[in-house]
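# Coordinate analysis (summary)
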Amino acid sequence: MFNIADYFKKFSQIEGDSLHQKDSIRAALYEACNLDKVDFDVKKGVLYIKGSPMVKSMVYTKKATILALIKTRMPGSRISDIR
């Protein structure tokens, strides 16, 4: 018999992983650039920064540091670039 509860558990795990990823990215941005509220998206292993050009330039200058912090917080992360 098909159990619908087991089917939906799969989706709750995916949502939990994405929340953990976003929290790790926010913490890395705060630690490296001292930026508290930054809007961003993650698509296909690329972190897209949304915001003013000043915020983007701060993030781009510390790109290597931010990527290293994300890798230490989430070893299984597939984020490889920031745009």
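These remarks concern the structure in this document. (Residues numbered from 1 in each chain as written. Predicted model: local features only at pLDDT ≥ 70, side-chain atom pairs only at ≥ 80, totals over all residues. Heavy atoms only, no water.)

## Comments concerning helix α3 (residues 63–73)
- Inspection of α3 places Ile66, Leu67, Leu69 and Ile70 among the buried residues, and these make up the whole buried set. On an axial view of α3, the arc spanned by its buried residues comes to 160 degrees, and they lie on one face. In α3, the exposed residues that point more than 90 degrees away from the buried face are Ala64 and Thr72. (Buried < 20%, exposed > 50% of the residue type's maximum accessible area, 1.4 Å probe, protein only. Helix = DSSP H or I, 4+ residues; strand = E, 2+ residues; numbered from the N terminus. Arc of directions from axis to C-beta.)

## Examining the pairing of strand β1 (residues 39–43)
- Two elements, β1 and strand β2 (residues 46–50), share 5 bridges in a ladder whose sense is antiparallel. Within the sheet, the bridge partner assigned to Lys43 lies in β2 and is Val46.
- A loop of 2 residues connects β1 with β2, the two strands running antiparallel in sequence, and Lys44 in this loop sits at a positive phi of about 50 degrees. (Pairing = 2+ DSSP bridges.)

## Thoughts on the nonpolar core
- Counting residues in hydrophobic clusters, the biggest one holds 18 residues, and the most contacted among them are Leu47, Ile49 and Ile66.
- Contributing elements (two or more residues each) for this core: α1 (4–33), β2, α2 (53–61) and α3.
- Here this core gets 5 residues from one element, more than from any other, and that element is α1.
- Those residues in contact with Leu47, other than ones at most four positions away along the chain, are Ile25, Phe40, Asp41, Val42, Ile70, Ile79, Asp81, Ile82 and Arg83. (Core = buried A, V, L, I, M, F, W, Y, C linked by side-chain atoms within 4.5 Å. Contact = heavy atoms within 4.5 Å.)

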